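Working through the structure, step by step
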Amino acid sequence: PDPNVPVTARPRPDFDPLGIRAGGFLIYPSAGVAASYDDNVFATEDDTTDDFIFNFLPGFLIRSNFPRHAINFSAQADIGRYVSETSENYEDFGAELNGLLDITRANRLTGGINFARSHDERDDPEDLGADVREEPVEFYEYGADLGFQQEFNRLNFNLRGTFDRDDYQERDPEDNEDLRDRNLYGARLRSGYFISPRINAFLQGGYRREERDASNKSGRDNNVYSAAVGTEIDFTGLLFGEVFAGWSLQEFDESEFDSENGFTYGVNLTWNPTRLTSVRLDGTGGFEPSTVGSSRPENDIGLRVD
């Protein structure tokens, strides 16, 4: 088995599901139930409301079992039910198809498409009407990505393109939720050099284009340019992952919106101090596309111990 996995993701032949064999594929159905408590369901400063939420989580995964190449399909749902505030009930669902094509030992193609229906959380800063709307806003997400990886001895290249669309649903024409509909186009080129078999230093450049629907132009169409330097490390089984830091610039088509620039970073490291313990550090920071404002600086950091 691959040693570069945290302890909770390692194979456990005595307990792992065998799957349902169907030709060259294995099918893994699943179901889950979760319960949680929220002391401020509507995310208000005063007159808070608490409630219990039950989640029902059906899904399945279809995974190929080919000697070369790979293709996977998954679908899942999150059905949320509130005990008292039933207007907050929701039914989220989604599906994803992805694959890998091994051209030679030195290059490969990756790609995928996805679809989901989700909803805005009450504390989402993008939802300006969350405090007065009777029900959460629903929206559809569509996405696709295509990547190419190439290795030349110590040199390696990774090119990836993405497309994402957000389509918000209106219950009341006065909500103007369609003003948030948009398309996002992205590209990233990473060029690396193996300083040693365990360390791959890289430079990467990125571009992202945000466009609102033609019928809902608000001057917020913009371009984001980014550059970063980082390294991938692989001290097999002990410490592995990547870390990078850089700078990004956001420029709007309309001069009424000021350009933004700032520091960006990313970290994804796993440390296995013992064979039974994993410590994982994940973090990202930079400009995220905003559906209601000019830009949204966002930082996420997490530390997990298993």
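The structure under discussion appears in the preceding block.
This section reports on the structure supplied with the text. (Residues numbered from 1 in each chain as written. Predicted model: local features only at pLDDT ≥ 70, side-chain atom pairs only at ≥ 80, totals over all residues. Heavy atoms only, no water.)

Here we come to the pairing of strand β6 (residues 70–82). Across four bridges, the pairing between strand β4 (residues 51–56) and β6 is antiparallel. Note on β6: the bridge partner recorded for Phe-54 is Arg-81. Summarising the sheet, strand β5 (residues 59–64) and β6 pair through five bridges and their orientation is antiparallel. Along β6, the bridge assignment pairs Phe-60 with Ala-75. Where β5 folds back onto β6 in an antiparallel hairpin, the turn is made up of five residues, including His-69, whose phi is positive at roughly 65°. Sheet topology places β6 next to strand β7 (residues 90–102); 11 bridges connect them, and they run antiparallel. Bridged to Ser-74 within β7 is Glu-96. (Pairing = 2+ DSSP bridges. Helix = DSSP H or I, 4+ residues; strand = E, 2+ residues; numbered from the N terminus.)

Glancing now at the pattern of salt bridges. Where side chains of opposite charge bring their charged atoms close, a pairing between them can arise. Across all of its chains, the model carries 16 salt bridges by this definition. Put simply, Glu-91 and Arg-81 hold a salt bridge, and the shortest N to O gap is 2.8 Å. Note that Glu-91 is positioned in strand β7 and Arg-81 in strand β6, a separation of 10 residues in sequence. Assessed through its relative accessible area of 30%, Glu-91 is described here as partly exposed. Put simply, Glu-210 and Arg-212 hold a salt bridge, and the shortest N to O gap is 3.2 Å. Given the relative accessible area of 1%, Glu-210 is considered buried. Given a relative accessible area of 3%, Arg-212 falls into the buried group. Beyond isolated ion pairs, a larger network of salt bridges with shared partners links Arg-81, Glu-91, Arg-117 and Glu-138. (Salt bridge = Lys/Arg side-chain N within 4 Å of Asp/Glu carboxyl O. Buried < 20%, exposed > 50% of the residue type's maximum accessible area, 1.4 Å probe, protein only.)

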